[in-house]
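Single-letter residue listing:
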Amino acid sequence: MVTLKELRQDELFLPGNASCPGCMLSLAIRMALKVLGPNTVMTVPACCSAVIQGYYPRSSSAVPTLNTAFAAAAATASGMSAALELSGRGETSVVAWAGDGGTADIGIQGLSGAAERGENFIYVCYDNEAYMNTGTQSSSATPAGAATTTAIRGKAEPKKDVPAIMAAHGVPYVATACAAFPLDLADKIKKAMSIRGLKYIHILTPCPPGWRYPTERGVDVGRMAVMTGSWILYEWQGGRYTLTGPSRGLLDRSRRRPLADYLRMQGRFGQLGDAEVARLQDELDARWAGMARRLEGGAGRGEAGPGE
Amino acid sequence: MRDCGAASSAPTMGASGRTGQWRLRRPEIDQRRCTKCLICWLYCPDASVVRGEGRGVRIDYDYCKGCGICGAVCPVKAIRMAEEASD
Ligand SMILES: Cc1ncc(C[n+]2csc(CCOP(=O)(O)OP(=O)(O)O)c2C)c(N)n1
Ligand code: SF4
Ligand code: SF4
Ligand code: SF4
Ligand SMILES: [Mg+2]
């Protein structure tokens, strides 16, 4: 377990960047870099992170970062990793840092190819559950019920389960995390650094303007996502699922907070009536039943993930 | 830095300017109440809680955007969000 005291004091993601006040993606990248350290190179496709990182000639990232095209994070990281390997610098961590749109939608073919080839890098999808940089359009990672500028009454389709898709590729390590649990995130980044191959980490990052909650509530919203079971913290390694952090205690439904407690904190779910909230609660309970089966069976490669 | 033919930026504090100017509310730490637990430092998205000498914390008002997360996570409620004076 990484402890608060072990975290490096200096900042590799510098203050005075362009993120909105209370941006939980900023917290996630700051934490990730504290664990990754300076011997890291990153690639960032078009997304909020690319904007936050700053415009030429100034950057808020203290590690070398290559901006790439929206679809190209995994392909770019593959090339960076190969170049470092060939020049004898294989110890450097290569990180692709992409949004949910850049991962679940336009970037998924490149990511799937890199997973099949067994490329050696960490792929982080930070998930603010929409295309935030361009004004909150739905992505395939937007959850059912959430209103966006392209689904004003709430999205009808369920959230695409990318971590399960990555587990189905049989990559060496898949984990989910949440920016409101920075030390759990730190543990997962640290573990990913010690493994060769493609490591996939999917971080839920609440977004005040996109999810429509007051800026000071980001940590509360992220914690409630986990305590209601709406977002499940787990690792998948060697064909086995393991719950981590507070999710460990939530298999028993009575331990989970009602989903409404999470939805009612956010304006994006404000249009939902009680019947719709109840239906979303049923879907969530079914997702947990699937998770329970996988924890028992040690579901491996090729089986459906917790989002079935 | 070697010229690699591509435009390359240098790491800079305040890459997007003095973001403290965006602030509508100002976090103020009651140092007598503060237990130096560093929780606010851990959670500040903008690296604007600074760890000083003697284990204490202070706010970097040049860059703090006034989100209020530090105040929300402080276990002993030592951070008060004050209205920023308007000019
Ligand atoms: C091929 C292409 N299509 C569209 C865009 C415009 N664009 C830039 S960022 C973005 C949305 C990114 O969404 P996501 O990956 O979820 O990151 P976020 O902005 O939410 O951080 C879009 C549509 C682009 N840069 N390139
Ligand atoms: S739109 Fe959301 S994710 Fe993007 S910078 Fe603002 S708070 Fe962060
Ligand atoms: S108000 Fe927000 S930006 Fe300012 S110090 Fe507190 S957490 Fe950091
Ligand atoms: S969280 Fe509160 S008690 Fe802890 S260091 Fe910050 S101000 Fe002090
Ligand atoms: Mg997004």
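Reference entry: report on the structure contained in this document. Predicted model, so just to flag it, every value in this text is computed and none were measured.

1. Topic: the coordination of the magnesium ion (ligand 5)
Residues and elements named next belong to chain A.
Here is step 1 of the chain: Bound to the magnesium ion (ligand 5) on the protein side are Asp100 (OD), Asn128 (OD1) and Ala130 (O), at distances that span 2.0 to 2.1 Å.
Here is step 2 of the chain: Spacing between the donor residues of the magnesium ion (ligand 5) along the chain follows D-x27-N-x1-A. Here Asn128 lies in the loop between β5 (121-127) and α6 (162-168) and Asp100 lies in helix α4 (residues 100-105), a separation of 28 residues in the sequence. Note on accessibility: Asp100 and Asn128 belong to one class, buried.

2. What about the interface of chain B and chain A?
Here is step 1 of the chain: Listed by partner, the interface residues are 32 residues for chain B and 37 residues for chain A.
Here is step 2 of the chain: Taking both partners together, chain B and chain A bury about 2800 Å²; carbon and sulfur atoms supply 61% of that area.
Here is step 3 of the chain: Broken down residue by residue, the surface that chain B buries against chain A is led by B:Trp41, B:Leu42 and B:Tyr43, which jointly contribute 21%.
Here is step 4 of the chain: Taken together, the links from chain B to chain A amount to one salt bridge.
Here is step 5 of the chain: The salt bridge involving A:Glu216 is made with B:Arg25; its shortest N-O contact spans 3.3 Å.
Here is step 6 of the chain: There are 19 residue pairs in polar contact (both at pLDDT 80 or more) connecting chain B and chain A.

3. Structural notes on the pairing of strand β7 (residues 198-204) of chain A
Residues and elements named next belong to chain A.
Here is step 1 of the chain: Counted residue by residue, β7 has seven buried out of seven residues, so it is predominantly covered.
Here is step 2 of the chain: As judged from the seven bridges shared by β5 and β7, these two strands associate in the parallel manner. Bridge pairing in β7 links Phe121 to Leu198.
Here is step 3 of the chain: Pairing geometry for strand β6 (residues 173-178) and β7, over six bridges, is parallel. Directly across from Val174, in β7, lies its bridge partner Tyr200.

4. A word on helix α11 (residues 274-297) of chain A
All names here are of chain A.
Here is step 1 of the chain: With 24 residues, α11 should cover 34 Å at 1.5 Å per step; its first-to-last C-alpha distance of 35 Å lies within 8% of that length.
Here is step 2 of the chain: Among the residues of α11, Val277, Leu280, Gln281, Leu284, Asp285, Trp288, Gly290, Met291, Arg294 and Leu295 are the ones counted as buried.
Here is step 3 of the chain: Residues of α11 that are buried in the fold lie against β8 (234-237), β9 (240-243) and α10 (259-263).

5. A look at the nonpolar core
Note that soluble globular proteins tend to have their nonpolar side chains buried in a common cluster.
Residue and element names in this part refer to chain A.
Here is step 1 of the chain: Grouped together as the largest cluster of nonpolar side chains are 117 residues, with contacts concentrated most on Trp97, Tyr123 and Leu198.
Here is step 2 of the chain: The element that contributes the greatest number of residues to this core is helix α1 (residues 24-36), accounting for 10 residues.
Here is step 3 of the chain: Once residues within four sequence positions are removed from consideration, Leu198 is found in contact with Leu111, Ala114, Ala115, Glu119, Phe121, Tyr123, Met166, Val171, Pro172 and Tyr173.

6. Quick notes on the sheet that holds strand β3 (residues 65-67) of chain A
Within a sheet, neighbouring strands are paired by backbone hydrogen bonds and run either parallel or antiparallel to one another.
Residues and elements named next belong to chain A.
Here is step 1 of the chain: Strand order across the open sheet formed by eight strands is β3-β1-β4-β5-β7-β6-β8-β9, with mixed pairing between neighbours. What marks the edges here is a single partner per strand, and that holds for β3 and β9. Pairwise comparison of adjacent strand axes, ignoring direction, gives a mean angle of 20° for this sheet.

7. Some remarks on the pairing of β6(A)
Residue and element names in this part refer to chain A.
Here is step 1 of the chain: In terms of burial, β6 is a largely internal element, six of the six residues being buried.
Here is step 2 of the chain: Handedness of the β6-helix α7 (residues 182-193)-β7 crossover: right-handed.
Here is step 3 of the chain: Where β6 lies against β8, two bridges are found, and the strand directions are antiparallel. Across the sheet, the residue bridging to Val174 is Trp236, located in β8.

Cut-off values and rules
- Every chain is numbered on its own, with residues counted from 1 as its sequence reads.
- Note on labels: chains are lettered from A, ligands numbered from 1, in written order.
- Local features are withheld for residues below a pLDDT of 70 in this predicted model, meaning they are given only at 70 or higher, and side-chain atom pairs are given and counted only at 80 or more; totals for whole chains, interfaces and linings count all residues.
- Based on all heavy atoms of the structure, the side-chain values leave hydrogens and waters out of the count.
- For Na, K and Ca the donor cutoff is 3.2 Å, while for all other metals N, O and S atoms count as donors only within 2.8 Å; water does not appear among the atoms, so some sites may look incomplete.
- A helix here means a DSSP run of H or I that spans at least four residues, while a strand means a run of E at least two residues long, and both kinds are numbered starting from the N terminus.
- Only protein chains enter the accessibility calculation, which uses a 1.4 Å probe. A residue is then buried if its area is under 20% of the maximum for its type, exposed if over 50%, and partly exposed in between.
- In this description, contact between two residues means that some pair of their heavy atoms is separated by no more than 4.5 Å.
- Reported buried area values correspond to the accessible surface (1.4 Å probe) lost by two parts on association, with both partners' losses combined.
- By definition here, a salt bridge exists when the distance from a side-chain nitrogen of Lys or Arg to a carboxyl oxygen of Asp or Glu is within 4 Å.
- The definition of a polar contact used here is a pair of N or O atoms within 3.5 Å, where within protein one atom must be able to donate a hydrogen and the other to accept one, and adjacent residues in sequence count solely through side-chain atom pairs.
- Any two strands between which DSSP finds at least two bridges are classified as paired.
- Working rule for helices: expected span equals 1.5 Å times residues minus one.
- For our purposes a nonpolar core is just a set of buried Ala, Val, Leu, Ile, Met, Phe, Trp, Tyr and Cys residues, chained together by side-chain atoms within 4.5 Å.
- Geometry is summarised by axes, namely lines fitted to C-alpha atoms with helices restricted to the contacting stretch, and by angles between N-to-C directions that run from 0 to 180 degrees.
- Seen with its strands pointing away from the viewer, a crossover is right-handed if its path from the first strand over the helix to the second goes clockwise.

Read these as geometric descriptors, not functional statements.
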